[in-house]
Amino acid sequence: MRVSVLGLGYVGCVSAACLASLGHEVIGVDVNQVKVDLVNDGKAPVVEERIGELIAEVVRTGALRATGDVREAIMGSDVSLVCVGTPSEPNGSLCTTYLERVTEEIGAAVAERGGRQTVVFRSTMLPGTCLDLLVPILEKYAGGTAGVDFGVAVNPEFLREGTSVRDFFDPPKTVIGELDPASGDVVAALYDGLPGEVFRVPVPTAEAIKYADNAFHGLKIGFANELGAVCRALGVDSHQVMDVFLADRKLNISPAYLRPGFAFGGSCLPKDLRSLVHAAQRADVSVPILAHVLPSNAEHLQRAVELVERTGRRRVGLFGLSFKPGTDDLRESPLVELAERLFGKGYDLRIYDPNVNLSRLLGANREYIETRLPHLAQLLAESVDEVLDHAEVCVVGTRDPAVLSALPQGGGRMIVDLIRLPDAEARRAEPGYVGLAW
Ligand SMILES: NC(=O)c1ccc[n+]([C@@H]2O[C@H](COP(=O)([O-])OP(=O)(O)OC[C@H]3O[C@@H](n4cnc5c(N)ncnc54)[C@H](O)[C@@H]3O)[C@@H](O)[C@H]2O)c1
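Owing to the predicted nature of the structure, the values given are computational and were not obtained by experimental measurement.

Q: Can you lay out the domain arrangement of the protein for me, pointing to particular residues and giving the numbers?
A: When cut into domains, the protein gives domain 1 (2-203) and domain 2 (296-435). Summarising the inter-unit geometry, the C-alpha centres of domain 1 and domain 2 are found 48 Å apart.

Below, the structure written as structure tokens:
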């Protein structure tokens, strides 16, 4: 394929050289003439493992050349990879100035060139940037309709600086956010033959995946370092702890606990987080990530309260009360907290949980209910139907099959979904349905 790469920084330079070595005909563009000259001399404008040899090789064979002229690059290519920088503004917002400028230039050249050009954004940008900001610019300057007259895709880059050439040929995954299938096909063809799973998704999803990845990577490092600092203060070898932690592929290094849902609770997580943070504070170890896990959880619970408030209805049916399915343990259940808040705000509440029957509750659970939610007995219903008959708004906090099958379809009843119902995707289009974090 004939490929132009706009921006010859870390991402553009590695992409250009590696695509050229895969057999594509690549022309790189940068506003910085020094970078253009370096590439044309067969030298790398960035320091990266193997990039020097690779650029020397592909420039020598004529597979890669560089120019300062966007127009020339667009005229000589069918697909354009935009790799310009998107730095932080002083207030933390994303700077899209370089993206906007280069998109204008691409659009103007596309108008002149004719034929179908596919513009692929590789720069990191927030969800909505492509469709709401860049596509209108392209349509204005190119004078056509995106997805019809020219292709548009978002193809975030997951290479790590330092090993990016190696990562290019063995990527963790390839993500293609496609405006239309033909645009996605062009991007898929670019990487044909490379290993790793390919995900073809809507454009804003592709934009968001990059943020999910980087936020998680930062969180992982921060978590490990805070835990290490606490362990050190407590005289424990953090690496021994993490060796065992990492060996757990069921609960730790696994998909467990990584699906957006309701707040956590129960008799262990809140208690143990509190005491760990307290131990860190006593040892004068600042642990802002660990210290903010419970406040973050409380915010999530508050979001659920606000969703119910926003319905403007007073008669609420709550399905689920224990802290997770298959248990009657109510201690620190976030659903108990939710019920209590709604009750306290004067909502007319009925609750159904197949695992919670007041007459069967014993010991700690019974005592917990009596102190935390003394009016529970009056609110608990014996059946799903009893709650459905009462409710204007159904708040769903359980996956109990009897509850799921009884929930009304078709937008007749308001539903606040805390668990992402199995048919949530279809329900999202229904009026009256609202998901907690989707
Ligand atoms: N560096 C990484 O490891 C990495 C990894 C993944 C994603 N990203 C993302 O990729 C994007 C690029 O990152 P980078 O580190 O390569 O940036 P960079 O700053 O190293 O390179 C950007 C290049 O774009 C050039 N440029 C700016 N405006 C231009 C224009 N109008 N026409 C042509 N060239 C222009 C600049 O001169 C510069 O050489 C960013 O959005 C970044 O967040 C970076």
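Q: Quick one: what's the story with the environment of Ala 263, residue by residue and with numbers?
A: Along the chain, Ala 263 turns up in the loop between helix H10 (238-247) and helix H11 (269-282). Each C-alpha atom, one on Ala 263 and one on Gly 346, is 22 Å from the other, the two residues being 83 residues apart in sequence. The residues contacting Ala 263, other than those within four sequence positions of it, are Asn 297, His 300, Leu 301 and Pro 334.

Q: Could you give me a rundown of the nonpolar core, with the residues and numbers involved?
A: Across soluble globular proteins, nonpolar side chains have a tendency to be buried as a group. Judged by nonpolar contacts, the single largest core of 36 residues is most densely connected at Val 3, Val 5, Leu 19, Val 26, Leu 64, Leu 81 and Tyr 191. Counting residues per element, the ones that place at least two in this core are strand E1 (2-6), helix H1 (10-21), helix H2 (33-40), helix H3 (51-60), strand E3 (64-67), strand E4 (79-82), helix H7 (164-169) and helix H8 (181-190). Here the element with the most residues in this core is H1; it accounts for 7 residues. Grouped together as the second largest cluster of nonpolar side chains are 33 residues, Val 308, Leu 335, Val 393 and Met 414 included.

Q: Give a detailed account of the site of the ligand, specifying residues and quantitative values.
A: Around the ligand sit 22 residues in total, of which Val 11, Asp 30, Lys 35, Thr 86 and Glu 161 are the nearest. Contact distances for the ligand include 2.7 Å between an oxygen atom and a side-chain N or O atom of Lys 35. One of the side-chain N or O atoms of Thr 86 is found 2.5 Å from an oxygen atom in the ligand. Of all the secondary-structure elements, those providing two or more residues to the shell around the ligand are H1 and helix H5 (97-113). Here the residues of the shell around the ligand sort into 10 nonpolar, 6 polar and 6 charged.

Q: Can you explain the side chain of Thr 86? Please cite residues and give values.
A: Relative to the helices and strands, Thr 86 resides in the loop between E4 and H5. Separated by 2.8 Å, the side chain of Thr 86 and the backbone oxygen of Thr 124 make a polar contact. Excluding its chain neighbours within four sequence positions, the residues that come into contact with Thr 86 are Leu 94, Cys 95, Leu 99, Ser 123 and Thr 124.

Q: Run through the sheet that holds strand E10 (residues 348-352), naming residues and quoting values.
A: Note on sheets: strands pair through backbone hydrogen bonds, and any given pair is parallel or antiparallel. The 5 strands lie next to each other as E10-E9-E11-E12-E13, forming an open sheet whose pairing is parallel. The two strands at the open ends of the sheet, each matched to only one other strand, are E10 and strand E13 (433-435). Neighbour-to-neighbour, the strand axes of the sheet open up by a mean angle of 15°, direction not taken into account. In this structure, strand E9 (residues 315-319) lies alongside strand E11 (residues 393-396), joined through 4 bridges in parallel fashion. Among the inter-strand pairings, Leu 318 is bridged to a residue of E11, identified as Val 395. Across the sheet, helix H13 (residues 293-311) is in contact with E9, E11, strand E12 (414-417) and E13; its angle to E12 comes to roughly 170°.

Q: Lay out the pairing of strand E7 (residues 174-178) in plain terms, naming residues and giving numbers.
A: Burial of E7 is extensive: 4 of the 5 residues sit out of reach of the surface. Alignment of strand E6 (residues 151-154) against E7, held across 2 bridges, turns out to be antiparallel. Looking at E7, one finds that Val 154 is bridged to Gly 177. Two elements, E7 and strand E8 (residues 198-201), share 4 bridges in a ladder whose sense is parallel.

Q: Pulling in residues and values, what's your account of the pairing of strand E5 (residues 118-121)?
A: Residue alternation in E5 divides its side chains into two sets, Thr 118 and Val 120 and Val 119 and Phe 121, and both sets are buried. Sheet topology note: the E4/E5 ladder contains 4 bridges and is parallel. Its bridge partner being in E5, Leu 81 is matched across the sheet by Val 120. Crossover connection from E4 via H5 to parallel E5: handedness right-handed. Relative to E6, E5 runs parallel, the two sharing 4 bridges.

Here is what the cut-offs are and how they apply
Residues numbered from 1 in each chain as written. Predicted model: local features only at pLDDT ≥ 70, side-chain atom pairs only at ≥ 80, totals over all residues. Heavy atoms only, no water. Domains from an automatic or database assignment. Helix = DSSP H or I, 4+ residues; strand = E, 2+ residues; numbered from the N terminus. Contact = heavy atoms within 4.5 Å. Core = buried A, V, L, I, M, F, W, Y, C linked by side-chain atoms within 4.5 Å. Buried < 20%, exposed > 50% of the residue type's maximum accessible area, 1.4 Å probe, protein only. Near = heavy atom within 4 Å. Polar contact = N/O pair within 3.5 Å; in protein donor to acceptor, adjacent residues only side chain to side chain. Nonpolar A, V, L, I, M, F, W, Y, C, P; charged D, E, K, R; others polar. Pairing = 2+ DSSP bridges. Axes fitted to C-alpha atoms, helices over the stretch in contact; angles between N-to-C directions. Right-handed = clockwise from strand over helix to strand, strands pointing away.

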